[in-house]
Amino acid sequence: MKRRGFLKKFRGDQPAEPSAAKPLRAPVQGVPHVGSPGPRLFTNARLRTHENKEVRFYDDLIAGKQVLINLMYATCEGACPLITSRLVKVYDALKDRMGKDLFMYSITVKPEDDDPAALMHYAHMHGALKPGWTFLTGDPYDIETIRYRLFAMDHIAIDTNIYGHTSFLKIINDATNHSLHVDPQASLTTVLWKISMANPPMTQEQIFEENKKLQERIDKERRIYGYRMTI
Amino acid sequence: MPRKKVKENKESEHSKDLKMRATITRREVLKMGAAAGAVTILSPTILTSRKSTAYAQGTVEEPILCTPQPATSPAHVPFVDDLPIPSIAIPTILNPQPTKNANTPLEAARDPHQRWEEFNPSIQYLLTAKAGTHRFHRDYLPSYIWGFNGQYPGPTILNAYGVPSLVRFKNDLPATTLSFGKNQTTVHLHNGHTASESDGFAGDLFNRGLFKDNHYVNAYAGIDEFGSQPPLGVKGDPREAMYTFWYHDHLLAETANNNYLGMNGVYLMYDHKSPPWEFSTPGSLRLPGIYGVTDIPLLLGIRRFCPHDPARNRTEMFQQIGSAAPASDKWVVNGKIQPKLSVRRRKYRFRMINSGVTLPWDLSLHGPEGSVSGQQRRMTIVAVDGNLLRTPADVSATSGFTRMDIPVASRTDVIIDFSMFSVGQSAYLVENTQNPPVGQFVATPTPADPAPGIPIGRVLMRFDIIGNATIPDTPAIPSTLTDLPPMPAAAPGVDPFEWGFRFIPGQPDGNSFRISHSTTTDDNTQHTNSFFAFDPVTHPEGTGGPFDPGRADHVVLKGTSEEWVIRNDTLAGGWLHPVHIHLEEGRILERTVCNTPSATGCLDANRVNVPLLPWEDGNNSRRDVYSVPGQHNLRIRIKFRDFKGRYLIHCHNMNHEDAFMMVRWDVVETMAELRQRREQINEERVARGDTPLYRKEELG
């Protein structure tokens, strides 16, 4: 007990909180996070949308936003159309947020072939002409840079093959400094769950509320299957 | 140990509270030690919590990450830090009291605890996942970490069989972070015989502000068959005892990042055979057993660091937002780079744990023999993955086994008898295969090698023999350590189920880890069919698709056993996949390798047997991590007992499991359930043009 008292004596001598150790400010959607790598990583390449508008990649499309980015090209007949149709499902599941605090970008890896009109045609064909979903083309060098900056897997077989990247969906929230990726061919629940990991942080009340709802769903499943089965 | 730097870091109220608790711990530990002998003389640094100062939530300054990846981590001087011993977790009385059903709103949603009344937990712990700082080396400034109770390694939990425990894992991770960690968690006790809702299933993740009670029955597997057993009335089959566990974050798709940040710790179990003392008691094997003194966990890990940042008093770990855990150039033992440990001329038990995140270790012990320095010396393996070997195995220059492999997440308990050295000599734990030929980066210019043929960069840690034993040495290691339970039988008429890895160009690794059914006429076509039948492009949904925590791809019946084949078709020299199976230990029957390397499958005729190592042979050992290099096939038997629910089989290279190299399988309780679930899986497979997984007679 002596020793405990000894330490107690020092307690009062210490500054209440070290001044440098302030918590990070709460992220505000729309404002880039203090740790955001900004255009240093994303680049401010000038790209063209399927509506033939010029945009800067970081400043106009990413800064302070939660975004989903994938690579595609209009003439792709393998995985791209299926992935695009999957992304349509993802879009529909999140359509309340799309264009407001969540944005989807599809960048062509064949900018030589895909001009804005070709992208517009592709989007139209796949039912992807939706608010908040932008198809992008630009200078081949810029797009190659973006592909390597955002989609590099340190895997030679994947990184050197421009078509290899079509199976990644990059999830970035520049306001919370989240950056993840998911295979859009994974189940819809998995894709949505990964996107939710980059959501703006919930308040404690929201967390409790969500947890309560989850418990109700688990209880329901237990009555049917005997244990937590599908969630 | 040096008694300085106590107030080196600025302290919050909370950290002082922690220190006060640490003071109590130390006293208790010394008391414990005094009972066992003159422990204090031998005692290395008992507590690390002084240096890895923890702060209250939200007050640890977030890291500023360096980018791009530095060519090397900062230099360090080898062997200046004493090996820290992770502090011992102190039992507590939890408030609110743990309950069978989830304690909403504060507890994470879950199923009710199974066997709760039967194993009402009598010991409770609180481990809080939160940010902290930790010094990885004397020459380093503090690094930002996430750890349990804010420290790395987390506190060690010491438990005994027959005494059920409950660990409340609380998530106090920062609401927003500059690190690459994700502030959700789920904690797996690797490889506890644990009910699904307490097993840290990857999808059972929970948010900050919540806690989750993991209920550990601390009984041997086989509770249903064996009931309580003499001598101590512990339930289950005593031959199923496991001793060395570790607990770690198992967050779906983000396990590597959170573990790299430090979210893991040691959990040890004791029983009459392996008690926490060394004097003779009934049934005791009398292995070195005093925690932190003669029985020392070595949590092996890898890290890479940013340049020192004196302005912020930090040497941050290198992390890249949006990327997996990086390739590393510093090897860390119990949170220190190249530490040293003072030992005496007697036996010690080291519980080596590969805490990952990606690479296997391949270890040997080197020291002087007579006047010749740098000779390989003997280590004796007594247990792997927490399971005692039937016959202990030597790793030495003459035993036929010169290397000891520890794949990620695997544990190997070795006895080193330092009486083979003289006072004043030093021995070295050496890693042999990572980053050949130099190993980790030490400094430029590279310091002198400790002995000819042992590059300094290859040394994990140094043992300094400082004197004769003060606690009497333990007797010779018994030649038989345990009886193994009988080999689980393969159900008649049931073919082995096969878990296979392939590399599909352009697809992430996880897309290629699948279950299929091997047949008795095992041939190339069959495998090609079963592997390529899954086409992720045309069949993105349903069984056989990429991992989904809400979907099981295989269902087994509680109380039965099965034969499984783990198969890696990636070419030799490709990734070695350390496969981990939850819930149960398995027994390896056979290891084969393809002698005509082919990425599309291998004819049975082209498979040749590879002799099993004594610490993987199913007749001598039980495993929960199976090391499967390219072109290898492992045939194992495994039995599913005592608990129902959802479990995992996955590659424990954490970057791989995060890429969904993972499959969920379920244990159900009745034949009717089994039949219904298996029919459903068959239907889903047939609907997408695949072969059914189960034959008619396997439907139950």
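Residues numbered from 1 in each chain as written. Chains lettered and ligands numbered in written order. Predicted model: local features only at pLDDT ≥ 70, side-chain atom pairs only at ≥ 80, totals over all residues.

A look at the overall build of chain B
Looking only at helices and strands, chain B features 7 helices and 34 strands. The 700 residues of chain B split such that 60% are buried. (Helix = DSSP H or I, 4+ residues; strand = E, 2+ residues; numbered from the N terminus. Buried ≥ 20, exposed ≤ 12 C-beta atoms within 10 Å, placed from the backbone.)

Thoughts on the overall build of chain A
The helix and strand tally for chain A stands at 9 helices and 7 strands. Here the analysis covers contacts within chain A between residues at least 6 apart in sequence; of these, 66% occur between residues at least 24 apart. (Contact = placed C-beta atoms within 7 Å.)

As for the environment of Pro611 of chain B
Here Pro611 of chain B is to be found in the loop between β30 (607–609) and β31 (625–628). Each C-alpha atom of the pair Pro611 of chain B and Ala659 of chain B lies 32 Å from the other, and the pair is 48 residues apart in sequence.

What to know about the sheet that holds strand β9 (residues 244–249) of chain B
Residue and element names in this part refer to chain B. Strand order across the open sheet formed by 4 strands is β3-β10-β9-β5, with mixed pairing between neighbours. Two strands in the sheet have a free side with no partner beyond their single neighbour: β3 (154–160) and β5 (187–190). Neighbour-to-neighbour, the strand axes of the sheet open up by a mean angle of 20°, direction not taken into account. Of the strand pairs in this sheet, β3 and strand β10 (residues 264–270) are connected by 5 bridges, and their pairing is parallel. Within the sheet, the bridge partner assigned to Leu158 lies in β10 and is Leu268. (Pairing = 2+ DSSP bridges. Axes fitted to C-alpha atoms, helices over the stretch in contact; angles between N-to-C directions.)

Remarks on the environment of Lys110 of chain A
Residue and element names in this part refer to chain A. Residue placement: Lys110 occurs in the loop between β4 (102–108) and α5 (116–125). By C-beta crowding, Lys110 is classed as partly exposed, having 18 other C-beta atoms within 10 Å. With 59 residues separating them in the primary sequence, Lys110 and Leu169 have C-alpha atoms 18 Å apart.

Thoughts on the confidence of the model for chain A
Predicted coordinates in areas of low pLDDT are best not read in detail. Summary statistics for chain A give a mean pLDDT of 83 and a share of 82% for residues scoring 70 or more. The model gives residues 1–22 of chain A a pLDDT under 50, and that stretch makes 17 contacts with residues more than four places away or in other chains. (pLDDT = per-residue confidence, 0-100.)

With respect to the pairing of strand β32 (residues 632–639) of chain B
Residue and element names in this part refer to chain B. For β32, a buried count of 6 out of 8 residues is recorded, marking the element as mostly surrounded by other parts of the structure. In terms of strand pairing, strand β27 (residues 561–568) meets β32 through 7 bridges, oriented antiparallel. Opposite Ile566, over in β32, you have Leu634 as the bridge partner. Two strands pair when backbone bridges link them, and strand β29 (residues 586–594) and β32 are joined in this way by 7 bridges, in the antiparallel orientation. From the neighbouring strand, Glu590 faces β32, where its bridge partner is Arg635.

Topic: the nonpolar core
For soluble globular proteins, the rule of thumb is that nonpolar side chains tend to be buried together. Ile381 and Ile566 of chain B are the most contacted members of the largest nonpolar core, which totals 204 residues. Those residues in contact with Ile381 of chain B that sit more than four places away from it in its chain are Leu389, Pro392, Ala393, Val395, Met404, Thr412, Val414 and Trp615 of chain B. (Core = buried A, V, L, I, M, F, W, Y, C linked by C-beta atoms within 7 Å.)

Concerning the sheet that holds strand β13 (residues 336–337) of chain B
Note on sheets: strands pair through backbone hydrogen bonds, and any given pair is parallel or antiparallel. All names here are of chain B. Within the open sheet, the 7 strands sit side by side as β13-β12-β11-β15-β21-β18-β19. Their pairing is mixed. The sheet is open, and its two edges are formed by β13 and β19 (387–395), each paired on a single side. Examined bridge by bridge, strand β11 (residues 295–303) and strand β12 (residues 330–333) share 4 bridges and lie antiparallel to one another. Bridged to Leu300 within β12 is Val333.

Focus on the pairing of strand β34 (residues 662–668) of chain B
Residue and element names in this part refer to chain B. The element β34 is largely enclosed, with a buried count of 7 among its 7 residues. In β34, alternate side chains face the same way, and those of Met662, Arg664, Asp666 and Val668 on one face and Val663, Trp665 and Val667 on the other are all buried. Bridge analysis of strand β33 (residues 645–651) against β34 gives 6 bridges, and the strand direction is antiparallel. Along β34, the bridge assignment pairs Tyr647 with Trp665.

A few points about helix α9 (residues 204–225) of chain A
Residue and element names in this part refer to chain A. Between the first and last C-alpha of α9 there are 31 Å, a value that for 22 residues agrees with the 32 Å anticipated at 1.5 Å per step. Along α9, the positions that sit buried rather than exposed are Ile207, Asn211 and Ile218. Viewed along the axis of α9, the buried residues span an arc of 30°, placing them on a single side of the element. Structural note: α9 exposes Glu205, Gln206, Lys213, Glu216, Lys220, Arg223 and Ile224 on the side pointing more than 90 degrees away from its buried face. (Expected span 1.5 Å × (residues − 1). Arc of directions from axis to C-beta.)

Brief notes about the packing of helix α4 (residues 80–93) of chain A against helix α8 (residues 188–197) of chain A
All names here are of chain A. Running from N to C, α4 and α8 point in directions that differ by 60°, and their axes come no closer than 11 Å. Judged on the interaxial angle alone, α8 and α4 are oblique. For the crossing formed where α4 meets α8, the hand is right-handed. Listed contacts from α8 to Lys89, Val90 and Ala93 of α4 are Leu188, Val191 and Leu192. Considering only residue class, the contact of α4 with α8 consists of 5 nonpolar, no polar and 1 charged. (Parallel < 35°, antiparallel > 145°, perpendicular 65-115°, else oblique. Left-handed = near helix turned anticlockwise from the far one by under 90°. Nonpolar A, V, L, I, M, F, W, Y, C, P; charged D, E, K, R; others polar.)

Concerning unusual backbone geometry
Omega for the bond connecting His190 of chain B with Asn191 of chain B falls within 30 degrees of zero, at -5°, which places this linkage in the cis form. Mapped onto the elements, Asn191 of chain B comes out in the loop between β5 and β6 (211–216). Phi is positive for Thr43 of chain A, which is not a glycine, with a value near 75°. Looking at where Thr43 of chain A falls in the secondary structure, it is placed in the loop between α2 (39–42) and β1 (46–49). Positive phi, close to 75°, is recorded for Asp642 of chain B, a residue that is not glycine. Its place among the elements puts Asp642 of chain B in the loop between β32 and β33.

Quick look at the confidence of the model for chain B
Residue and element names in this part refer to chain B. Model confidence for chain B is summarised by a mean pLDDT of 85, while 84% of its residues fall at 70 or above. The spread of mean pLDDT over the elements of chain B runs between helix α5 (residues 524–532), the lowest at 29, and strand β15 (residues 347–354), the highest at 98. Every residue in residues 15–58 scores below 50 in pLDDT, and together they form 97 contacts with partners more than four places removed in sequence or on other chains. Ignoring residues within four places in sequence, the model shows residues 505–511, a span with pLDDT below 50, making 24 contacts including any to other chains. Scoring of the predicted complex yields 0.87 for pTM and 0.85 for ipTM.

Things to note about helix α6 (residues 140–151) of chain A
For α6 of chain A, spanning 12 residues, the distance from its first C-alpha to its last is 16 Å, which sits close to the expected 16 Å at 1.5 Å a residue. Turning to α6 of chain A, the residues buried within the fold contact α3 (57–62), β3 (66–72), β4, β5 (133–138) and β6 (169–173) of chain A.

A look at the environment of Tyr144 of chain B
All names here are of chain B. Note on placement: Tyr144 falls in strand β2 (residues 143–148). Tyr144 gets classed as buried once you count the C-beta atoms within 10 Å, which come to 26. Taking the C-alpha atoms as reference points, Tyr144 and Ile64, separated by 80 residues in sequence, lie 9.5 Å from one another.

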